[in-house]
Amino acid sequence: CLGDTQFCFRFRQSSGRRVSLHCLLDQFEKDLPVYLKKDPAYFYGYVYFRQVRDKTLKRGYFQKSLVLISKLPYIHFFHTVLKQIAPEYFEKNEPYLEAACNDVDRWPAPMPGKTLHLPIMGVLMKVRIPTCHDKPGTTQIVQLTQQGDTHISVILPTVHEVDLFSCISPLKYFSDFRPYFTIHDSEFKEYTTRTQAPPSVILGVTNPFFAKTLQHWPHIIRIGDLKPAGEIPKQVKVKKLKNLKTLDSKPGVYTSYKPYLNRDEEIMKQLQKGVQQKRPSEAQSVILRRYFLELTQSFIIPLERYVASLMPLQKSISPWKSPPQLRQFLPEEFMKTLEKTGPQLTSRIKGDWIGLYRHFLKSPNFDGWFKTRRKEMTQKLEALHLEALCEEDLLHWTQKHTEVETVDLVLKLKNKLLQADREHLPVKPDTMEKLRRHIDAIILALPEDLQGILLKTGMT
């Protein structure tokens, strides 16, 4: 294709390699929505590619890409950055790129929830990274440019969304996905082997070779040429996979999957009407994203409610015992809750919801979601345990116990402080301060030789 093209790809980080940037980004992770958290095993590549005819070159074409590599999945943001840099870079080469890098070096840290002003080659971009506390489905960036913002050239309403993103938000997709995959990728053999079941991965490909090699995969979507703006697309039918004639097949969805839920005619009509009325694609995307967000929320609320019931009662937390464990997730027990408190309470969609839940509980997406929720709840129990400890008169306790038991308590409390800091436990700042004061008071009540040893051990 002639002209300028933008796309992104995703690739594995080589094992054993750890970038020092990780610890810098980790402190911002806890406030991010789940779908924007970085995956430590992957990088993203954002590409601006130019191909134009040029008779002076041997191949007859000028072909060049500028690629930006990042740990962050901020697709819309990095595409916008490249759009500012790449066209000029193709004209002016390295010195221009060096100047752009100097601008990027001056950017503040990617703090979720904060409106960031980012200079890039004479343009000032205003962006805000979402937080997990935002109301779902809303864009939080300041819509109206304030009087003092006259020098701002670009306001980005979103850092991560393209025309269509993350249809299972607020869930995270936990399998691998490659927006652009080629036969040169290092995982090519791993993903195209026929000796085992197809891997849990979504591949975006342009090479017809894949249509032949991967025709045994359970889902194939073929995309045709782009239609002129305003032209109403024909209804694309979902076809059985056996109807796929490799290379000459028409655009469409070919799948061996039988949907559990009935088709929603209402959303189809709404989008078709948007095409007829030439509604902007951004507005169409908002409608579609909101629809999937509400559908996913209807699906996930019963799971959230059941998982919350696995949490031990607060009165069972004793400062002198280890924090209680979460109850086990029992699929059949969960299924019984659906009759009264299932998705039918919030969704108009009919179908085999029970079958869909059974299918979901076997998937990597459930496994990833539940591990995340279990970690959050375990951290909450640890935080409640820490708060219960702080409410006790620990100095009074030491007076009734031996020096050995007191030293053991001090070491345990110091470990609690380290854990709270390391794991970002949801503990109030004054609780941490109170615990430090408890530790100091206990140490000062001990003999001087023990004081010296304990003050040097760990942190106070």
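Residues numbered from 1 in each chain as written. Predicted model: local features only at pLDDT ≥ 70, side-chain atom pairs only at ≥ 80, totals over all residues. Heavy atoms only, no water.

### Considering the nonpolar core
Formally: Put simply, a nonpolar core is a bunch of buried Ala, Val, Leu, Ile, Met, Phe, Trp, Tyr and Cys residues held in one set by side-chain atoms that sit within 4.5 Å of each other. Per-residue accessibility, obtained with a 1.4 Å probe over protein chains only, is compared with the maximum for each type, and a residue is labelled buried under 20%, exposed over 50%, and partly exposed between these values. In DSSP terms, a helix is any run of H or I states spanning at least four residues, a strand is any run of E spanning at least two, and both are numbered starting from the N terminus.
In terms of nonpolar packing, the biggest core is built from 32 residues, with Tyr 46, Tyr 74 and Phe 77 touching the most fellow members. Sorting the residues of this core by element identifies strand E2 (42-53), strand E3 (61-70), helix H2 (75-92), helix H3 (94-105), strand E4 (115-120) and strand E5 (123-128) as the ones contributing at least two each. Residue contributions to this core peak at 9 residues, all from H2. Core analysis: the next-biggest nonpolar cluster, separate from the first, contains 27 residues, Leu 171, Leu 303, Val 307 and Leu 338 among them.

### Here's the deal with the side chain of Glu 187
What counts here: Any N or O atom pair separated by 3.5 Å or less is treated as a polar contact, with the protein-specific requirement of one donor-capable and one acceptor-capable atom, and with residues adjacent in sequence counted only for side-chain atom pairs. A contact between two residues is defined here by any heavy atoms of the two lying within 4.5 Å.
Within the element layout of this structure, Glu 187 appears in the loop between strand E7 (176-178) and helix H4 (188-192). In this structure Glu 187 comes out as buried when scored by relative accessible area, which is 7%. Among the polar contacts listed, one links the side chain of Glu 187 to the side chain of Arg 178, at a separation of 2.8 Å. In this view, Glu 187 contacts Arg 12, Arg 178 and Phe 181; residues no more than four positions away in its chain are not counted.

### Quick notes on the sheet that holds strand E11 (residues 252-255)
Operational definition: Think of it this way: DSSP has to see at least two bridges between two strands before they count as a pair. Note on geometry: axes are C-alpha line fits, over the in-contact stretch for helices, and angles between N-to-C directions span 0 to 180 degrees.
Read from one edge of the open sheet, 3 strands run E9-E11-E10, paired in mixed fashion. Single-partner strands in this sheet number two, and they are strand E9 (219-222) and strand E10 (238-240). Each adjacent strand pair in this sheet contributes to an overall mean axis angle of 25 degrees, direction not counted.

Any link to function would need more than the numbers given here.
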